[in-house]
Amino acid sequence: MSYQFLQLEQQGQVAYVWLNRPELHNAFNTTVIEELHACFKQIHTRDEIRVVVLAGRGKSFSAGADLNWMKQAGQTSSAENEADALKLAQMLDVLATLKQPTIARVHGIAFGGGMGLASACDICIASTDAKFATSEVRLGLAPSTISPYVIRAIGARQASRYFLTAERISARDAKQIGLAHEVADAEDLDKKVQEIIDALLLGGPHAQAASKQLIQMVSNQTMSNDLLQQTAHHIAQVRQGSEAKEGLSAFLNKQQPAWVSNSNNNN
């Protein structure tokens, strides 16, 4: 597929999705949202892609919503306004539920929806120059569609501060509150991203997809007999799979499993 505001590059088993609207700090509009949605849906079907890196061209990761687009959306009918907002919510859901592990490579600003994108990814690697913010209240708005992912990343208590103050969050503070997993100097950002990619490629792809489902299943649940049953059923299903049999046999025989060998052959 060709895109107006995205670039999709594949290097071996890694797909790089570049937001490519640098003159506006990769701000969202309807086209950007639709292209991201379509791109993520395409990636989900491609078994040869093992890892997805989301990044931004130019000086920023993403400034969030294009304000002119937001203003226009607010002037439409209630039904049209809600339908427009639902497109953003659905795009973030597709990103958050991709079967492949996802990495947000964040530099510059990640405000509003940009912070939502970073939070919806499984792993966030930030440059020391990165700045995050849920800036919506300063525009008379609320961080509605991004809230499930940001609260999942930083918790309700931290969200109580940053949703209300819209303070900018430094890369260092982002790591402290759980938003960023790693922080690297700008010149070392890609090296740090590659380290995480290398670690991910050592895991079984089906096992990683199952682990992502497990997090969604278990997160925020209280301990109960139902939860015990769910987790027992989950590992029983995974254990019976061909990938688990391959991985266990390879480990016991001191060999590399097939997915690691294939990864090495593609590098």
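For every chain, the first residue of its written sequence is number 1, and the numbers climb from 1 along that sequence. Selection of residues for local features in this predicted model requires a pLDDT of at least 70, selection of side-chain atom pairs for listing and counting requires 80 or more, and totals for whole chains, interfaces and linings are taken over all residues. For side-chain calculations, the full set of non-hydrogen atoms in the structure is used, while hydrogens and water are omitted.

### Observations concerning helix α8 (residues 205-218)
Between its first and last C-alpha, α8 extends 20 Å over 14 residues, near the 20 Å set by a 1.5 Å rise per residue. For every residue, the accessible area obtained with a 1.4 Å probe (protein chains only) is divided by the maximum for its type, and the residue is called buried under 20%, exposed over 50%, and partly exposed between those limits. By the criteria applied, helices consist of DSSP H or I runs no shorter than four residues and strands consist of E runs no shorter than two, each listed in order from the N terminus. Of all the positions in α8, only Q208, A209, A210 and K212 are classed as buried. Elements in contact with the buried residues of α8: α3 (78-96), β4 (102-106), α7 (189-200) and α9 (225-239). Positive backbone phi, at 70 degrees, marks N220, one or two positions downstream of α8. By definition here, a helix of n residues has an expected span of 1.5 Å times n minus one. We call two residues in contact whenever any of their non-hydrogen atoms come within 4.5 Å of each other.

### Concerning the nonpolar core
As a rule of thumb, soluble globular proteins bury nonpolar side chains together. L36, V106 and F132 are the most contacted members of the largest nonpolar core, which has 50 residues in total. When neighbours within four sequence positions are excluded, L36 is seen to be in contact with L6, V17, L19, F28, L54 and M91. What is meant by a nonpolar core is a set of buried Ala, Val, Leu, Ile, Met, Phe, Trp, Tyr and Cys residues, joined one to another through side-chain atoms within 4.5 Å. V14, Y16, I123 and I197 belong to the second largest nonpolar core, which has 15 residues in total.

### Some details on the pairing of strand β1 (residues 6-11)
Note on pairing: two strands pair once DSSP finds at least 2 bridges between them. Strand direction decides the pairing type here: β1 and strand β2 (residues 14-19), joined by 6 bridges, are antiparallel. Looking across to β2, one finds that L6 is bridged to L19. Where β1 hands over to β2, the hairpin turn is made up of 2 residues, of which G12 adopts a positive phi near 65 degrees.

### Some remarks on the pairing of β4
Along β4, 5 of the 5 residues are buried, which leaves the element largely enclosed by surrounding structure. Neither face of β4 is open: one carries T102, A104 and V106, the other I103 and R105, and all of them are buried. By the bridge criterion, 3 bridges tie strand β3 (residues 51-56) to β4 in an arrangement that is parallel. Paired with V53 across the bridge in β4 is I103. Summarising the sheet, β4 and strand β6 (residues 123-127) pair through 4 bridges and their orientation is parallel. Counted as the bridge partner of V106 is A126 from β6.

### Focus on a nonpolar patch on the surface
Every patch collects residues that have over 30% relative accessible area and no salt bridge, joining them within 9 Å if they carry like charges and within 5 Å if they are nonpolar side chains (Val, Leu, Ile, Met, Phe, Trp, Tyr). Computed with a 1.4 Å probe, the accessible areas rest on the Shrake-Rupley method; for each residue, only the protein chains presented here act as cover. Between Lys or Arg on one side and Asp or Glu on the other, a salt bridge is scored when a side-chain nitrogen of the former is within 4 Å of a carboxyl oxygen of the latter. Side chains of L67, L139 and L141 sit close together on the surface and give an oily, nonpolar patch of about 270 Å² of accessible area. Mapping L139 onto the fold places it in the loop between β7 (131-133) and α5 (147-165). Owing to a relative accessible area of 48%, L139 belongs among the partly exposed residues under this scheme.

### Notes on the domain arrangement of the protein chain
An automatic or database domain assignment supplies the start and end points of every domain. We note that the domain assignment places domain 1 (6-200) and domain 2 (204-253) within the protein chain. Measuring from the centre of the C-alpha atoms in domain 1 to the corresponding centre in domain 2 gives 28 Å. Throughout, the accessible surface (probe 1.4 Å) given up by two parts as they are put together, summed over both, is called the buried area. Carbon and sulfur atoms supply 43% of the area buried between domain 1 and domain 2, which totals about 580 Å² over both sides. If you sort the residues of domain 1 by the area they bury against domain 2, R50, K99 and P101 come out on top, with a joint share of 53%. Inspection of the domain 1/domain 2 interface yields 1 salt bridge.

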